[in-house]
Amino acid sequence: MKIALIGFGVVGQGLAQILLDKADDLQARYGFEAQIVAVATRSRGSLMHPSGLDTAALLAAAGSGDLAKYSDQPGLARGASAMTIARESAADVLIEVSPSNLTDGQPAIELCEAAFTSGKHVVLANKGALLHGYARLNAAARAAGKHLLFEASVMAGTPSLRLGMQALAGCTITQARGIVNGTTNYILTQMEGGLSYADALADAQRLGYAETDPTADVEGWDAAAKAVILGAALFGKQFAFADMSVRGISQLTPADISAAAAAGERWKLIAEVTPAGASVAPMRLPITHPLSGVAGATNALTITTDLLGDVTLIGKGAGGIQTGFGLLSDLLEIHRTGQAR
Ligand code: HSE
């Protein structure tokens, strides 16, 4: 399978690292092989080669901060635009992992549409494109007869969407509720341990949990985008931020955290989605509540169903390797269904 990456930050590099480390295992167990044929970044250049880039050299160049450090080889093209890569690269699958633009989802939506039009599957971690373009991209995927998969967009590689959309198919889902932002959960956990808000946020950025602009995390918009994606995936509803109540954690003070602890409670940023709407708010939960024990960049989602009652999934919700695995799980699904060219 040939893949092209739009964006090569923490998440794109996480996927590349997994492909490098697990190449033999993926080949032996699933007959799966992936070649990265193109990478586009906003400020660090782009590379394209129809028969594949050297993944280790690509990671080394990205690690040095400039893809120009990747060595020349016959057939290598440098500087192609993201749109050229979406349209013209030799990829079977376009992977959109550029920073999420929660304002209008662009340019990712147009890049994904161009990928479908030119016969590629699309795998996304980009939440902005799904927030604003879910219906449009689904229609484009159907028209092209290609996959649109986005497991990595909610709870990183922890299979929240596959649980709701596939494993629980046949149940009627009435609600999904939980902790879906790793950065804020990490900050809250660290503040409970006495760290300042600013230091905890700086750690979350250093560890690769936070968005490029962490405002989206701390003000609740990243969790809200995930609630919208869950609304689309689980209920076929297109919610918009304008209709949602969204509050983050930036107003919580160390005194708020201590007051909750003194009362045997913990603050958690809770996202909730039902067929009627979605919301995000910080809430004080008793420490005996199952979500209270979910610490650090771990996320948790409880899906309420008619046939099973509540089903709760707990796992990592952010990080390069963890989100890279979400992308890999989608690539393996495409591979399994045999639709890669
Ligand atoms: N910034 C996001 C988070 C990354 O902290 O959860 C994963 O979507």
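For the structure given in this document, a descriptive report is provided here. Since the model is a prediction, treat every value here as computed from it, not as a measurement.

## A word on the overall build of the chain
- Counting secondary structure elements, the chain contains 13 helices and 13 strands.
- In terms of overall dimensions, the chain has a C-alpha envelope of 65 × 45 × 40 Å along the principal axes.
- For the chain, buried positions account for 55% of its 341 residues.
- Long-range contacts, defined here as pairs at least 24 residues apart, represent 70% of the contacts in the chain between residues at least 6 apart.
- Carbon and sulfur atoms make up 53% of the accessible area of the chain, which amounts to about 13,700 Å² in all.
- Both charge centroids of the chain, one from 25 positive and one from 30 negative side chains, sit 3 Å from each other.

## A few points about the environment of Ala176
- Structurally, Ala176 can be placed in strand S8 (residues 173–179).
- When the C-alpha atoms of Ala176 and Leu207 are compared, they prove to be 27 Å apart, with 31 residues separating the residues in sequence.
- Leave out the neighbours within four places in its chain, and Ala176 touches Leu234, Ala271, Glu272, Val273, Leu301, Thr302 and Ile303.

## Structural notes on the sheet that holds strand S9 (residues 245–246)
- Pairing within the open sheet is mixed, and its 6 strands lie in the order S9-S11-S10-S8-S12-S13. Every other strand in the sheet has two partners, leaving S9 and strand S13 (309–316) as the edge strands with one partner each.
- Relative to strand S10 (residues 265–274), helix H8 (residues 182–192) is tilted by about 165 degrees, and along the sheet it contacts S8, S10 and strand S12 (298–305).

## Some words on the site of the ligand
- Around the ligand, the neighbouring residues are Lys127, Asn181, Gly182, Thr183, Tyr209, Ala210, Glu211, Asp217, Asp222, Lys226, Gly317 and Ala318.
- Within the backbone of Gly182, a nitrogen or oxygen atom sits 2.7 Å from an oxygen atom of the ligand.
- In this structure, an oxygen atom belonging to the ligand sits 2.6 Å away from a side-chain N or O atom of Thr183.
- Contact with the protein chains hides 93% of the accessible area of the ligand, taken as 260 Å² for the molecule alone.
- Secondary structure elements with two or more residues in the shell around the ligand: H8 and helix H11 (221–235).

## Topic: the sheet that holds strand S7 (residues 148–149)
- Taken together, the 7 strands give an open sheet; going across it, the order is S4-S3-S2-S1-S5-S6-S7, and neighbouring strands pair in mixed fashion. What marks the edges here is a single partner per strand, and that holds for strand S4 (77–78) and S7.
- One ladder, built from 5 bridges, connects strand S1 (residues 2–6) with strand S2 (residues 35–40); its direction is parallel. By the bridge assignment, Ile6 is partnered in S2 with Ala40.
- Strand contacts of helix H5 (residues 108–117): S1, strand S5 (93–96), strand S6 (121–124) and S7, with the helix running at about 170 degrees to S5, the strand carrying the most contacts.

## Concerning the pattern of salt bridges
- Per the stated rule, a full pass over the model turns up 14 salt bridges.
- Its salt-bridge partner being Asp72, residue Arg78 comes within 2.8 Å of it at the nearest N-O pair.
- The partly exposed category is assigned to Arg78, whose relative accessible area is 37%.
- When its relative accessible area of 65% is taken as the criterion, Asp72 is described as exposed.
- Via salt bridges that share partners, Lys127, Glu211, Asp222 and Lys226 belong to a single interconnected network.

How each quantity is defined
- Residues numbered from 1 in each chain as written.
- Predicted model: local features only at pLDDT ≥ 70, side-chain atom pairs only at ≥ 80, totals over all residues.
- Heavy atoms only, no water.
- Helix = DSSP H or I, 4+ residues; strand = E, 2+ residues; numbered from the N terminus.
- Buried < 20%, exposed > 50% of the residue type's maximum accessible area, 1.4 Å probe, protein only.
- Contact = heavy atoms within 4.5 Å.
- Areas by Shrake-Rupley, 256 points an atom, 1.4 Å probe, with all protein chains shown as cover.
- Lys, Arg positive; Asp, Glu negative; His and termini not counted.
- Charge placed at Lys NZ, Arg CZ, Asp CG, Glu CD.
- Pairing = 2+ DSSP bridges.
- Axes fitted to C-alpha atoms, helices over the stretch in contact; angles between N-to-C directions.
- Near = heavy atom within 4 Å.
- Polar contact = N/O pair within 3.5 Å; in protein donor to acceptor, adjacent residues only side chain to side chain.
- Salt bridge = Lys/Arg side-chain N within 4 Å of Asp/Glu carboxyl O.

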